[in-house]
Amino acid sequence: QAKLQNGGFQFFNKSIISTFLRKLDLENELRWAIAKNQFTLFYQPQVSVETGRIEGMEALIRWNHPILGPVSPGEFIPIAEETGIIMDIGKWVLKEVCLQLNRWLSASLVVPAIAVNLSARQFLAPDLASSIHEIVHQTNCNPKHIVLEITESSSMHDIESVLPILHELKSFGFQIAIDDFGKGYSALGYIKQFPIDILKIDKSFVQELTSDSKSAVITKAIIDMSHGMDLRVIAEGVETLEQLECLRRMNCDMVQGYFIDRPMPTEQLEKHYLNEV
Ligand code: C2E
Ligand code: CA
Ligand code: CA
Ligand code: CA
């Protein structure tokens with residue numbers, strides 16, 4: 001209390017230092033996280049607007065550090081991208097999904113497609129397609145069950161180099177989804193060049209759907225455009241019944257969001273969403 005006068009300054013310094021230290025900590029700890037088994041995958045259902053039934057799910061990584069506690073992907077994925085650690089994390093995630101798929105299929109469960117996020121940085125590795133191929137080969141997993149989600153920004157930068165990789169991944173049997181559509185540049189030209197199956201409308205549009213008429217117009221236009229190109233549309237971040245009803249009127253195919261369910265551990269997903277053949 002006595003030193004209130006420069007308290008503000010001290011606080012400013014401390015917060016810069018602690019931000020810096022936190023990042024250093026996370027960076028160091030991230031390097032060991034795979035070996036120390038600190039990652040798990042949660043799965044969030046994607047359901048048909050028409051039937052309400054599960055038609056897909058997205059694998060989302062979770063990091064539970066014994067001392068730091070849970071660290072959100074929003075915080076550590078950017079650090080993993082900066083440092084290149086994302087390359088190993090990306091392989092770990094895909095392999096886990098393949099192994100999980102095998103477990104579910106051999107338990108005779110009906111498994112919808114599983115979406116896996118690919119980070120922009122992974123496309124810079126010249127061996128992306130072959131390392132992905134190696135994983136599905138090793139695990140003996142059929143890529144037709146897997147959707148690879150790429151963000152607009154990762155694809156936009158360099159269409160020339162991304163295009164052949166996407167075609168190669170498609171030829172293995174993967175489906176391709178564009179993630180966070182509308183959030184980035186939205187240079188529409190690439191959409192007709194890319195071998196895409198699914199388009200995911202960014203949650204920023206969905207969340208303003210019922211309050212901002214322009215977001216509604218854009219969302220409707222994205223859905224109509226997608227259908228015109230034979231793409232399926234998933235709306236992300238659906239949190240209310242009003243949003244769901246609005247998307248239904250717009251003929252959106254699938255929804256994903258807290259209103260349906262949160263990302264959850266495998267056991268919970270099995271219990272609530274997966275049935276025997
Ligand atoms: P994303 O790919 O756009 O994933 C959707 C995010 O939205 C997830 O956050 C999910 O939990 C959250 N979400 C789902 N429904 C709702 C909703 O109704 N409202 C709101 N506000 N949010 C909702 P999460 O799991 O924290 O992941 C954040 C981001 O981290 C992901 O965004 C993705 O870019 C990245 N990420 C997560 N897992 C992976 C991974 O395995 N690999 C890579 N490369 N990135 C990942
Ligand atoms: Ca995603
Ligand atoms: Ca997204
Ligand atoms: Ca994203």
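Residues numbered from 1 in each chain as written. Chains lettered and ligands numbered in written order. Predicted model: local features only at pLDDT ≥ 70, side-chain atom pairs only at ≥ 80, totals over all residues. Heavy atoms only, no water.

Per an unreviewed UniProt entry, the protein chain goes by EAL domain-containing protein and derives from Paenibacillus marchantiophytorum.

Visitor: Before we go on, may I ask you to explain the coordination of the calcium ion (ligand 2) in this structure?
Guide: With distances of 2.2 to 2.3 Å, the protein atoms coordinating the calcium ion (ligand 2) are Glu-58 (OE), Asn-117 (OD1), Glu-149 (OE) and Asp-179 (OD). All donors of the calcium ion (ligand 2) belong to a single chain; written as a sequence motif, their spacing is E-x58-N-x31-E-x29-D. Between the calcium ion (ligand 2) and the calcium ion (ligand 3), the interatomic distance is 3.9 Å, and Asp-179 donates to each metal, bridging them. Here Asn-117 is found in strand 4 (residues 113-118), whereas its partner Glu-149 is found in strand 5 (residues 146-151), with 32 residues between them in sequence. Residue class for Asn-117 comes out partly exposed when judged on its relative accessible area of 30%. (Donors = N, O, S within 2.8 Å, 3.2 Å for Na, K, Ca; no water. Helix = DSSP H or I, 4+ residues; strand = E, 2+ residues; numbered from the N terminus. Buried < 20%, exposed > 50% of the residue type's maximum accessible area, 1.4 Å probe, protein only.)

Visitor: Any chance you could explain the packing of helix 3 (residues 86-106) against helix 4 (residues 128-139) here in plain terms?
Guide: When two helices pack together, you describe them by how their axes are tilted relative to each other and by the distance separating the axes. At a minimum axis distance of 10 Å, the contact between helix 3 and helix 4 shows a crossing angle of 30°. Taken together, the axis directions place helix 3 and helix 4 in an arrangement best described as roughly parallel. Viewed along their axes, helix 3 and helix 4 form a crossing whose handedness is right-handed. Judged by residue contacts, Lys-91, Leu-94, Lys-95, Cys-98, Leu-99 and Asn-102 of helix 3 engage Ser-131, Ile-132, Ile-135, Val-136, Gln-138 and Thr-139 from helix 4. (Axes fitted to C-alpha atoms, helices over the stretch in contact; angles between N-to-C directions. Parallel < 35°, antiparallel > 145°, perpendicular 65-115°, else oblique. Left-handed = near helix turned anticlockwise from the far one by under 90°. Contact = heavy atoms within 4.5 Å.)

Visitor: Just checking my understanding: could you explain the site of ligand 1 for this structure?
Guide: Ligand 1 sits among 22 residues. The nearest are Gln-44, Arg-62, Lys-203, Glu-239 and Tyr-258. Here Ile-61 contributes a backbone N or O atom positioned 3.2 Å from a nitrogen atom of ligand 1. Interatomic distance of 2.9 Å between a side-chain N/O atom of Lys-203 and an oxygen atom of ligand 1. Relative to its unbound accessible surface of 800 Å², ligand 1 loses 83% to contact with the protein. (Near = heavy atom within 4 Å. Polar contact = N/O pair within 3.5 Å; in protein donor to acceptor, adjacent residues only side chain to side chain. Areas by Shrake-Rupley, 256 points an atom, 1.4 Å probe, with all protein chains shown as cover.)

Visitor: Is there a simple way to think about helix 3 in this case?
Guide: Note that an α-helix has 3.6 residues per turn; residues three or four places apart therefore point the same way. Along its 21 residues, helix 3 runs 30 Å from first to last C-alpha, staying within 8% of the 30 Å computed at 1.5 Å per residue. The set of residues buried in helix 3 consists of Ile-86, Ile-89, Gly-90, Trp-92, Val-93, Leu-94, Val-97, Cys-98, Gln-100, Leu-101 and Trp-104. In the segment just after helix 3, Ser-108 is the residue with positive phi, at about 60°. (Expected span 1.5 Å × (residues − 1).)

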